Amino acid sequence: MSDQPATQAETHFTGDSPDTLTLLKTRRSTGARLLDEPGPHRAQIEEMLTIAARVPDHGKLAPWRFVVITGEARARLGDEAAAIVKGDDPDSDEAQIEKARGLLQRAPLVIAVVSRARPHPRIPEWEQVLSAGAACQNLILAATAMGFRANWITEWIAFDRRFLDALGLAADERIAGYVHIGSSDAQRSHRARPDLADIVTWA
């Protein structure tokens, strides 16, 4: 008999889950401006991130990481964005500056999904980037399943190197998306989706 302590077997999904299928068929983004308190608490955020990290990952490289932006960090990074706008154009009007300042303050929680795809002898960087995109989608699905609403967006703060430096990204890291998460009672209208005949080819 082994002296090793017994461990609980991992629970595997067995299929036949109408609730899961309903979530996948009905999920919709909610505009970041419509997201409000309450946001998720720390334990919920950690559960979301655990789910977000459970994506296809060729080579187990974990070619992504997460930056959790909440509380005062939203205002601090907003000041960085406002300073960049004003520095690039001293004649910027107050509306433009305040718009930049508020980019990360529209929702109570913003999670930056960082792609850290790097050269690898066997695994193309493209596959690593796709894995980061899958992490964004898992994060949205987790937030929605937990009763929140979410929006995956980028905007210029995903591409401006000065802002990425302020966020603490390495030189070879990029933003896959900022996932805004909060609560909302806003009604979401149906959005037209592509017809399968236009996007599917049977080989």
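The sections below set out a description of the structure shown in this document. From a predicted model like this one, the values you see are computed outputs, not experimental measurements.

Within this model, the largest pocket holds a volume of roughly 390 Å³. The wall of the largest pocket is formed by 15 residues, among which Phe 13, Thr 20, Ile 51, Arg 54 and Asn 138 lie closest to the centre. Counting only elements with at least two residues in the lining of the largest pocket, the list comes to α1 (18–26), α2 (42–52) and α5 (125–145). Per element, the largest residue contribution to the lining of the largest pocket is four residues, and it comes from α5.

Once that is clear, we can look at the pairing of strand β2 (residues 109–115). Most of β2 is tucked away: seven of the seven residues are buried. The two faces of β2 match: Leu 109, Ile 111, Val 113 and Ser 115 on one face and Val 110, Ala 112 and Val 114 on the other face are all buried. Bridging between β2 and strand β4 (residues 174–182) involves seven bridges; their strand directions are antiparallel. Paired with Val 114 across the bridge in β4 is Ile 175.

Let us now look at the side chain of Glu 173. Position of Glu 173 relative to the elements: it lies in the loop between α6 (161–167) and β4. Classification of Glu 173 as buried rests on a relative accessible area of 4%. A polar contact of 2.9 Å, which involves the side chain of Glu 173, links it to the side chain of Arg 65. Excluding anything up to four places from it in sequence, Glu 173 contacts Arg 65, Val 114, Ser 115, Arg 116, Arg 118, Arg 161, Leu 164 and Gly 168.

Before going further, it helps to examine the packing of α2 against α5. Closest axis-to-axis distance for the α2/α5 pair is 8 Å, and the angle between their directions is 140°. Overall, the two elements α2 and α5 adopt an arrangement that is oblique. Here α2 and α5 pass one another in a crossing that is right-handed. Taken together, the residues of α5 that come into contact with α2 (itself represented by Met 48, Leu 49, Ile 51 and Ala 52) are Ala 135, Asn 138, Leu 139, Ala 142 and Ala 143. Residue composition of the contact of α2 with α5, by class: eight nonpolar, one polar and no charged.

The rules behind the values
- Residues numbered from 1 in each chain as written.
- Predicted model: local features only at pLDDT ≥ 70, side-chain atom pairs only at ≥ 80, totals over all residues.
- Heavy atoms only, no water.
- 1 Å grid on protein atoms, 1.4 Å probe; cavity = no way out; pocket = protein on both sides within 12 Å on 5 of 7 lines; lining within 4 Å.
- Points joined across faces, edges and corners; volume = space filled by probe spheres on them.
- Helix = DSSP H or I, 4+ residues; strand = E, 2+ residues; numbered from the N terminus.
- Buried < 20%, exposed > 50% of the residue type's maximum accessible area, 1.4 Å probe, protein only.
- Pairing = 2+ DSSP bridges.
- Polar contact = N/O pair within 3.5 Å; in protein donor to acceptor, adjacent residues only side chain to side chain.
- Contact = heavy atoms within 4.5 Å.
- Axes fitted to C-alpha atoms, helices over the stretch in contact; angles between N-to-C directions.
- Parallel < 35°, antiparallel > 145°, perpendicular 65-115°, else oblique.
- Left-handed = near helix turned anticlockwise from the far one by under 90°.
- Nonpolar A, V, L, I, M, F, W, Y, C, P; charged D, E, K, R; others polar.

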